[in-house]
Amino acid sequence: MENRKFKYDFFISYKHGAYDSKISGYIQKKLENYKIPREIQKRCGKQRITKVFRDKEELSVTVDLSQEIEEQLKNTEYLIVMCSPESKKSRWVNREVQTFINYRGWEYVLPVLIEGEPADAFPDILNEREMLAADMRGGNFKEAKKKCNQEILRLIAPALGCSYDELRQRDKLYTSRRIAVAALSISFAALGFGIYSWNQSVQIKENYWQKMKNQAGLLAEKSTELLEKADREAALLVALEALPDSVTSDEK
């Protein structure tokens with residue numbers, strides 16, 4: 001990977017149609033939200049991919065690319081080309097690809113097939129060579145998103161200076177660790193809740209028996225007062241109230 005500092009990690013070139021726009025927008029989010037495995041962070045010096053350029057405005061009808069777009073292409077490390085029959089017919093996509101190749105070369109172009117076959121979807125200049133970074137074709141946008149989730153590493157790997165297979169293995173390991181940490185956190189939470197529930201149960205029982213003890217003491221005092229007044233029958237009834245329910249029910 002070059003030592004040169006670029007303003008953008010990726011420039012996404014696409015036809016500004018409904019379907020192409022949705023998929024390119026989704027790819028941009030996946031790129032910007034991707035968390036680079038720690039070992040590869042140390043190697044490439046990047047913690048995240050945050051510099052992704054995607055022009056959301058349709059270019060005006062002019063002969064040449066705008067100066068701004070050309071400047072962004074010049075300062076981009078990798079060009080992602082969204083390839084579809086519609087993008088193949090777009091003169092702006094073709095000019096962006098040609099301009100980028102003039103500045104950076106073929107090896108930094110990452111074609112992404114989103115519709116059709118390569119011959120019908122690739123800009124003419126890309127059909128001169130056999131190249132395909134990722135296949136994200138799907139019958140609908142939902143299926144295309146699933147393919148994107150599987151294929152996105154093929155776009156990220158070159159920018160991180162590693163192979164797709166290495167990044168995939170690292171990513172699987174990172175995902176497994178996150179799942180293990182989440183499972184451990186849930187286990188600790190469940191254990192904590194169990195201990196809390198047990199403590200609450202013990203506290204409730206202690207409060208109950210303390211209440212019964214206090215009530216029994218009061219009834220005992222009242223029974224003693226009735227005995228002193230020679231009201232033995234009332235004293236006996238009060239004393240029985242002081243006994244636990246299990247004792248009085250057994251006597252019955």
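Above this text is the structure in question.
Residues numbered from 1 in each chain as written. Predicted model: local features only at pLDDT ≥ 70, side-chain atom pairs only at ≥ 80, totals over all residues. Heavy atoms only, no water.

### A word on the overall build of the protein chain
Broken down by element type, the protein chain carries ten helices and five strands. Sequence-distant contacts, at least 24 apart, represent 67% of the contacts inside the protein chain between residues at least 6 apart. As presented, the protein chain carries roughly 15,800 Å² of accessible surface, and 52% of it is formed by carbon and sulfur atoms. (Helix = DSSP H or I, 4+ residues; strand = E, 2+ residues; numbered from the N terminus. Contact = heavy atoms within 4.5 Å. Areas by Shrake-Rupley, 256 points an atom, 1.4 Å probe, with all protein chains shown as cover.)

### Focus: the sheet that holds strand β3 (residues 76-83)
With respect to topology, five strands assemble into an open sheet ordered β2-β1-β3-β4-β5, the strand pairing being parallel. Every other strand in the sheet has two partners, leaving β2 (52-53) and β5 (134-135) as the edge strands with one partner each. The sheet contact formed by strand β1 (residues 8-13) and β3 spans five bridges and is parallel. Note on β3: the bridge partner recorded for tyrosine 8 is threonine 76. Contacts from helix α5 (residues 91-103) reach β1, β3 and β4 (109-113), with the element oriented near 150 degrees to β3. (Pairing = 2+ DSSP bridges. Axes fitted to C-alpha atoms, helices over the stretch in contact; angles between N-to-C directions.)

### Notes on the environment of glutamate 96
Note that glutamate 96 resides in helix α5. Spatially, the C-alpha atom of glutamate 96 lies 7.8 Å from that of glutamate 70, the residues being 26 residues apart in sequence. Polar contacts involving the side chain of glutamate 96 include one to the side chain of serine 13, which spans 2.4 Å. (Polar contact = N/O pair within 3.5 Å; in protein donor to acceptor, adjacent residues only side chain to side chain.)

### So, the packing of helix α3 (residues 67-74) against α5
The contact between α3 and α5 brings their axes to 9 Å, and the two run at 45 degrees. Between α3 and α5, the angle is such that the two are oblique. The chirality of how α3 crosses α5 is right-handed. Between α3 and α5, the residues in contact are Ile69, Glu70, Leu73 and Lys74 and Glu96, Thr99, Phe100 and Tyr103, respectively. When grouped by side-chain class, the residues that make up the contact of α3 with α5 number four nonpolar, one polar and three charged. (Parallel < 35°, antiparallel > 145°, perpendicular 65-115°, else oblique. Left-handed = near helix turned anticlockwise from the far one by under 90°. Nonpolar A, V, L, I, M, F, W, Y, C, P; charged D, E, K, R; others polar.)

### A closer look at the environment of leucine 73
Following the sequence through the fold, leucine 73 ends up in helix α3. The spacing of leucine 73 and phenylalanine 53 is 20 residues in sequence and 9.1 Å in space, taken between C-alpha atoms.

### Observations concerning a nonpolar patch on the surface
Residues Phe188, Leu191 and Ile195 make up a contiguous nonpolar surface patch of about 320 Å² in total accessible area. With respect to the helices, strands and loops of the structure, isoleucine 195 is situated in helix α8 (residues 164-228). Assessed through its relative accessible area of 46%, isoleucine 195 is described here as partly exposed. (Patch = residues over 30% accessible without salt bridge, like charges linked within 9 Å, V, L, I, M, F, W, Y side chains within 5 Å. Salt bridge = Lys/Arg side-chain N within 4 Å of Asp/Glu carboxyl O. Buried < 20%, exposed > 50% of the residue type's maximum accessible area, 1.4 Å probe, protein only.)

### A short note on the pattern of salt bridges
Going through the model one piece at a time under the given rule, you end up with ten salt bridges. For the salt bridge of lysine 88 with aspartate 124, the shortest nitrogen-to-oxygen distance reads 2.8 Å. Highlighted residues: lysine 88 in helix α4 (residues 85-89) and aspartate 124 in the loop between α6 (118-121) and β5, separated in sequence by 36 residues. We note a salt bridge from aspartate 165 to arginine 168, for which the minimum N-O separation is 3.5 Å. Pair noted here: aspartate 165 and arginine 168 are both in helix α8, with a separation of three residues, about one helical turn. It is possible to trace a salt-bridge network through shared partners that takes in Asp9, Lys46 and Glu77.

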